[in-house]
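Here is how the chains run, residue by residue.
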Amino acid sequence: MRLTCLALGLCALLPLHLLAADSPHALDEFDAMIKLGEDRLIMGDTHGILHVYEIRDEGYDEVWTSEYMEGAISGLFIGDPDGDGQQDIVVYTETGRLHYLETKKYTTIWSNPPNEYDRITALTLANIDDDEQDELIFCADGRLIIYDGRDQFEEWRSDQTNIAATDIIVADVDGDDEAELVLNSGHVFDARFHDLEWQSPESFGERMGVIDLDDDGIAEIVGEFRGRFIRVFEIDLRREKSVKR
């Protein structure tokens, strides 16, 4: 199957190597589409199927499709959550499934039990403790979950049961030299000890970014609302950033 960039909703006939992080059509804008090396991309669709494409001239050829992944594909990552020194494809579905796939032949390395979670709304990978591998940090069934990526078990789950986050960022956003888990639902947790540091009375938008806009050494959270409108939050001061005229 031949797939052009236009069919992907990207810039027509744009070579894959030009889809860099600073491109206005960067692939990191899409949760369920990622680059796989310099000549491949992998996409998960709403029907629960993964597709791998390789660049051919000015378009892409589909070289592999998965079996049904038991739910619409919500997000893809490349990482080493099992700590074996090899990069894996990490997949999560809306219906609570987690899968690790090998990056060459796309064989499934591990999947979580089918009924472990009903719904996962957001997930990211980060090493937030003293071991060598990444943890899976995700929101499932209203809770924030810290999941051991190597031994595949829950390390911790939040007491809060009504968390409806769809985006998670791991960053130091209060200047204490320790990372926080920032959920776009407005929850801010300490990454290491998992204490709830702040619950904002409003959300941080549908999607978030981190940047130090005022050069004070403390990063702000930039939230995107309704797909276009931007608001900036100072987590250390627990408020929306003041507008200076």
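What counts as what
All residue numbers here refer to positions counted from 1 along the written sequence of the relevant chain. Note on the predicted model: pLDDT of at least 70 is required for a residue's local features to be given, and 80 or more for side-chain atom pairs to be given and counted; whole-chain, interface and lining totals, by contrast, use all residues. Side-chain metrics rest on all non-hydrogen atoms present in the structure, leaving aside hydrogens and water. Each helix corresponds to a stretch of at least 4 residues labelled H or I by DSSP, and each strand to a stretch of at least 2 residues labelled E; elements are numbered beginning at the N terminus. Relative accessibility thresholds used throughout: buried, under 20% of the residue-type maximum; exposed, over 50%; partly exposed, between the two (1.4 Å probe, protein chains only). For this analysis, residues touch if any pair of their heavy atoms sits within 4.5 Å. Only Phe, Tyr and Trp rings take part, Trp by its six-membered ring, and two of them pair if their centres are within 6.5 Å. Stacked means planes under 30 degrees apart, edge-to-face means over 60, and tilted covers everything else. By the criterion adopted, a ring carries a charge over it if an Arg CZ or a Lys NZ lies within 6 Å of its centre and within 35 degrees of its normal. Whenever a carboxyl oxygen of Asp or Glu lies within 4 Å of a side-chain nitrogen of Lys or Arg, that contact is scored as a salt bridge. Strand pairing follows a simple DSSP-based rule, namely that at least 2 bridges must link the two strands. Each axis is a line fitted through C-alpha atoms, taken for helices only over the stretch in contact, and angles between the N-to-C directions span 0 to 180 degrees.

A. Molecular detail of the overall build of the chain. Across its full length, the chain holds 0 helices and 21 strands. Here the chain holds 245 residues, and 47% of them are scored as buried. A separation threshold of at least 6 residues defines the contact pool for the chain, and within that pool the share at least 24 residues apart is 34%.

B. A look at the side chain of Glu234. One can find Glu234 in strand β20 (residues 229–234). Once you skip the residues sitting within four places of it in the chain, Glu234 turns out to touch Asp214, Glu220, Arg239, Lys241 and Ser242.

C. Region of interest: the packing of aromatic side chains. Using the criterion set out here, one finds 10 aromatic pairs in the structure. Seen in terms of ring centroids, Tyr117 and Phe138 are 5.3 Å apart; in terms of plane orientation they differ by 80°. Their pairing is edge-to-face. Pair noted here: Tyr117 is in the loop between β9 (108–111) and β10 (120–126) and Phe138 is in strand β11 (residues 135–140), with a separation of 21 residues, a long-range link. Comparing Tyr117 with Phe138 shows no difference in burial state: the two are buried. Through a chain of ring-to-ring contacts, the aromatic side chains of Tyr100, Trp110, Tyr117, Phe138 and Tyr147 assemble into a single cluster. The ring of Phe225 has Arg231 sitting right over it, with the charged end atom 5.0 Å from the ring centre.

D. Structural detail: the pattern of salt bridges. On inspection of all chains with the given rule, the structure shows 13 salt bridges. One salt bridge connects Asp61 with Arg56, and the closest N-O pair in it is separated by 3.6 Å. Ionic pairing is found between Lys241 and Glu234, a salt bridge with its closest N-O pair at 3.3 Å.

E. Inspection of the sheet that holds strand β21 (residues 239–240) at higher detail. The strand order across the open sheet formed by 4 strands is β18-β19-β20-β21, and the pairing between neighbours is antiparallel. Pairing within the sheet leaves two strands with one partner each, and these edge strands are β18 (207–211) and β21.

F. Just the sheet that holds strand β15 (residues 180–183), in detail. Ordered by their spatial adjacency, 4 strands build an open sheet running β14-β15-β16-β17, and the pairing between neighbours is antiparallel. Of all strands in the sheet, those with a lone pairing partner are β14 (168–171) and β17 (196–199), marking the two edges. Mean inter-strand twist for the sheet, computed between neighbouring axes without regard to direction, equals 15°.

G. How the structure looks around the environment of Arg228. Topologically, Arg228 is positioned in the loop between β19 (220–225) and β20. Given a relative accessible area of 62%, Arg228 falls into the exposed group.

H. Just the pairing of strand β8 (residues 98–102), in detail. Buried residues dominate β8, accounting for 4 of its 5 residues. When strand β7 (residues 88–93) meets β8, the two strands line up antiparallel, connected through 5 bridges. For Ile89, the partnering residue across the bridge sits in β8 and is Leu101. As consecutive antiparallel partners, β7 and β8 are separated by 4 residues, and within that stretch Gly96 has a phi angle of approximately 90°, a positive value.

I. The arrangement of unusual backbone geometry in detail. With a phi angle near 55°, Gln152 is a residue other than glycine that sits in the positive phi range. For Gln152, the position within the fold is in the loop between β12 (143–148) and β13 (153–157). Not every positive phi belongs to a glycine, and Asp177 is a case in point at roughly 65°. On the basis of relative accessibility, which here comes to 70%, the residue Asp177 falls in the exposed class.

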